[in-house]
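A closer look at the structure
Chain residues, written in single-letter form:
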Amino acid sequence: MRWPGRVGAAVMVGLLAVVLLVLPPVRAGFTGSSTNPDQFQAHDDFAVGALYKWGLNSTPRQSPSQVGLNTTWSQVASGSEHTCAVRTDASLWCWGTPGWGELGLNTVSSDYVYGPARVGSGNYSLVATGPATSCAIRTTATLWCWGHNNLGQLGLGDTTDRSAPVQVGTAGDWLRVSAGDTSGCGVRSGGTLWCWGDNSFGQLGQGDTTQRLTPTQVAAGTTWADVSVNENHTCALTSGGGRWCWGLNTHGQLGLGDTNNRTSPVLVPGGGAYSTLKVGAQHSCAIRTTGTLWCWGYNSSGQLGLGDSADRTSATQVGTATDWSTVSPGATHTCGTRTGGTLYCWGSNLNGMLGTGNTINQVSPVLIGTDTDWASVSNGVLHTCAVKTGGTLWCWGHNNGGMLGKTLASPTQVGTVVNWKRLAPAPYNLCGTRDDGTLWCSDYNAVGQLGLGDLVVRTALTRVGTATDWQSASFGRQHVCGIRSPGTLWCWGENASSELGSGDTTVYTTPHQVGTDANWATVSAGVGYTCAVRTTGTLWCWGSGGNGQLGLGDTATRSTPAQVGTETTWRSVSSQYGGSCGIRTDGSLWCWGANPRGQLGVGDLNNRLAPVRVGTDTNWLDVQTGRVHTCGLKTDGTLWCWGSDNNGQLGLGDTTQHSTPTQVGTATNWFSLGVGSAHTCAVRIDVTLWCWGFNGSGQLGLGDYLDRLSPVQVPGVRTAYVTATGSGTYATQFIP
């Protein structure tokens, strides 16, 4: 937040006087951030202290990490960006990102559920997950599916997605189910096998490549015991322990000694009976009744566990152990448990999904920790979850979709450093500056957004370069821009939309200077675009302009900073999800860009290609844009919000959408503001913290996961500074 200079100076000085009486001595002085006399910092300069966070804990885990404290978990299934699990009381729980409704929570008002949430009231005995689908068998032996259904993979007779469980047919004798990428299969009483969905490679086993929208029997007359389907191939076990596979065979994943596709079940050669057979994206593994483990198919990351990365078209024994009890092939990694309760993993270790404490691939099984109470394991695309014999649930690996179920419902200190000054959070990253002018970043790094010169994940805040003159930073989706003294601008990370302002689409993994000017005052990075204000009071934007968010009168992309209009009185700008707002030195508020929920505050839902004034007031002090809602502070200490209110993020006591600024309560002592995707937090002059809106990740800091429709004080917290992003909240300088 930035305070105005001459505008509302008397009010501002009065507010600061009260605050300074409350705050203890601090490290930093009350100084300006640029040469522009109309722009200087207030609470940002004295809110220096320890770093606290709550809500989504998106940091990837490189070792097993317990999900909550519940001890009644019995089975878990890992998808792509979601996870589902069953408890011993037969309740079903899911969490993660419901891009297609795969959580089964009928989620329509909020996009993310980062902690376990119960799926309806039904009782379930088994759950299976595909990348974006889920299927489960109830204790009544009925089959229910939900999620993505573009190719009929839910088996419901159509291609309509479902966001809540829907019964598949009327049969009440389902025993086993497996959910794949675009198809599904299950076994019913009597050993009959049924498959449905996409059949482009013959993965339904029907002898053709014709799609089936409802369960269709496979190889009638054979008694089947279990089935496993993943990307485009299927394998199944007969009651006698025979292995049969069919579908895509590009890498020999059918185990038939060649790479020819099959459209009907084919017996996999190799003596002995098998007790377990599971398939990954393009590889397969099975356990013989003798306890030996065998794998075949794609092996680019060593996921076969054979000590190399060469594909195998026939089953090959993994090591010499004879005590394997379970196995779970994922997309590019595999894990399994042995009869002594030990856990082993191998293959790709992107984001630490092997649980070895690092990100180094392993081409042979590696023991995970020393625990001997692992009961079962389930590998997803980029994460892994497992259940212990004591009923505890553990997950590790990638977590940018919340699939690890890691949330913090109450403020928790990050590290021990106590001189954090300003924070730049993103949905899956965090950067921050310290009062010594150093910049630190952490978490995901797929496009170099950490600025460390590589693409390696960092699970702890890591210093960016050696500069000691960072004034501020702003994190977009996967790019960062920051200002260094005396006003140079630097950007790095994702650049597909030219959001780095470098004149190209090159990804920069270290800070890259934008031009040569040294008169930048403030910068705000959004999703695929960036806006910034210079000390001259001019406003500049660049990157994606598809919704008019650059304010340049069109929807074109700009690869270098382009001036917005000719005004020289801009004081601040906030750019996030396609809608932008800014305040001028006369205290007027202007917004532009995407407006589907009225977040521009101009009284309608129409996008604006250039800045449009919001009302006629001239006492706006701060404005912050969320995903589809916006909030602002005025110099009289009042708080105003507008836009989407599905989760009560406007703080008005209801869920009614507002397309013009609406006052939040009657308080006149609001001091600072933080706006997330669907929640809002704000600090009052007495340094009490208040939050409201969506709370699915505990981002309100209230110790639970219940939404709030009005501001609620966060107990035990007194702070001068709060900021929010996505489903997380951060604060510095907790005051006793």
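To start, this report covers the structure provided alongside it. All of these numbers come straight from a predicted model, not from anything done at the bench. (Residues numbered from 1 in each chain as written. Predicted model: local features only at pLDDT ≥ 70, side-chain atom pairs only at ≥ 80, totals over all residues. Heavy atoms only, no water.)

**Let's talk about the overall build of the protein**
Helix and strand counts for the protein come out as two helices and 57 strands. Relative to a compact globule of 736 residues, whose C-alpha radius of gyration would be 27 Å, the protein shows 27 Å and is just as compact. Dimensions of the protein, computed from C-alpha atoms along their principal axes, come out at roughly 85 × 50 × 50 Å. For the protein, buried positions account for 61% of its 736 residues. A sequence separation of at least 24 residues applies to 52% of the contacts in the protein between residues at least 6 apart. (Helix = DSSP H or I, 4+ residues; strand = E, 2+ residues; numbered from the N terminus. Rg over C-alpha atoms; globule rule 2.2 N^0.38 Å. Buried < 20%, exposed > 50% of the residue type's maximum accessible area, 1.4 Å probe, protein only. Contact = heavy atoms within 4.5 Å.)

**Quick look at unusual backbone geometry**
The residue after S485, namely P486, is reached through a cis peptide bond having omega 15 degrees. Position of P486 relative to the elements: it lies in the loop between strand 38 (479-484) and strand 39 (488-493). In this structure, A141 is a non-glycine residue whose phi angle is positive, near 70 degrees. By the element assignment, A141 lies in the loop between strand 10 (133-138) and strand 11 (143-147). In the Ramachandran plot, N351 falls in the positive-phi region, its phi being about 60 degrees despite a non-glycine side chain. Structurally, N351 is set in the loop between strand 27 (343-347) and strand 28 (362-367).

**Considering the state of the cysteines**
Using the criterion set out here, one finds 13 disulfides in the structure. Paired by a disulfide, C235 and C245 hold their sulfur atoms 2.0 Å apart. An S-S torsion of about 110 degrees defines the bridge between C235 and C245 as right-handed. Placement of C235 in strand 18 (residues 233-238) and of C245 in strand 19 (residues 243-247) is noted, with a sequence separation of ten residues between them. (Disulfide = S-S within 2.5 Å.)

**Re the side chain of S474**
Its location among the elements puts S474 in strand 37 (residues 470-475). Within the structure, S474 has its side chain in polar contact with the backbone nitrogen of A525 (distance 2.8 Å). What S474 contacts, discounting residues up to four positions off in sequence, is A424, H479, V480, C481, V523, S524 and A525. (Polar contact = N/O pair within 3.5 Å; in protein donor to acceptor, adjacent residues only side chain to side chain.)

**A look at the side chain of N399**
You can see N399 is positioned in the loop between strand 31 (393-397) and strand 32 (407-414). Overall, N399 belongs to the buried group, its relative accessible area being 0%. Within the local environment of N399, its side chain forms a polar contact with the backbone nitrogen of M403, the two atoms lying 3.4 Å apart. With residues up to four places along the chain from it excluded, the contact list for N399 reads N57, S58, T59, P60, L404, G405, K406 and Y444.

**Concerning the pairing of strand 5 (residues 73-78)**
Across the six residues that make up strand 5, a large majority, five, are buried. In terms of strand pairing, strand 5 meets strand 6 (residues 82-87) through five bridges, oriented antiparallel. The partner of W73 across the bridge, within strand 6, is R87. Between strand 5 and strand 6, which pair antiparallel and follow one another directly, the connecting turn spans three residues. (Pairing = 2+ DSSP bridges.)

**What to know about the environment of G190**
Relative to the assigned elements, G190 resides in the loop between strand 14 (183-188) and strand 15 (192-197). For G190, a relative accessible area of 62% corresponds to the exposed category. A C-alpha to C-alpha distance of 9.7 Å links G190 and W174, two positions 16 residues apart in sequence.

**Brief notes about the environment of H82**
The topology assignment puts H82 in strand 6. For H82, a relative accessible area of 0% puts it in the buried group. A sequence separation of 49 residues divides H82 from P131, and the C-alpha atoms of the two residues are 7.9 Å apart. A distance of 2.9 Å separates polar atoms of two side chains, one belonging to H82 and the other to S134.

**Section: the pairing of strand 10**
Judged by how many residues are buried, strand 10 sits mostly within the fold: five of six residues are covered. Pairing geometry for strand 9 (residues 124-129) and strand 10, over five bridges, is antiparallel. Among the inter-strand pairings, V127 is bridged to a residue of strand 10, identified as A136. The antiparallel pairing of strand 9 with strand 10 creates a hairpin that spans three residues between the two strands. Across five bridges, strand 10 lies against strand 11 in antiparallel orientation. Counterpart to I137 in the pairing with strand 11 is L143. Here strand 10 hands over to strand 11 after four residues, with A141 in that stretch at a positive phi of 70 degrees.

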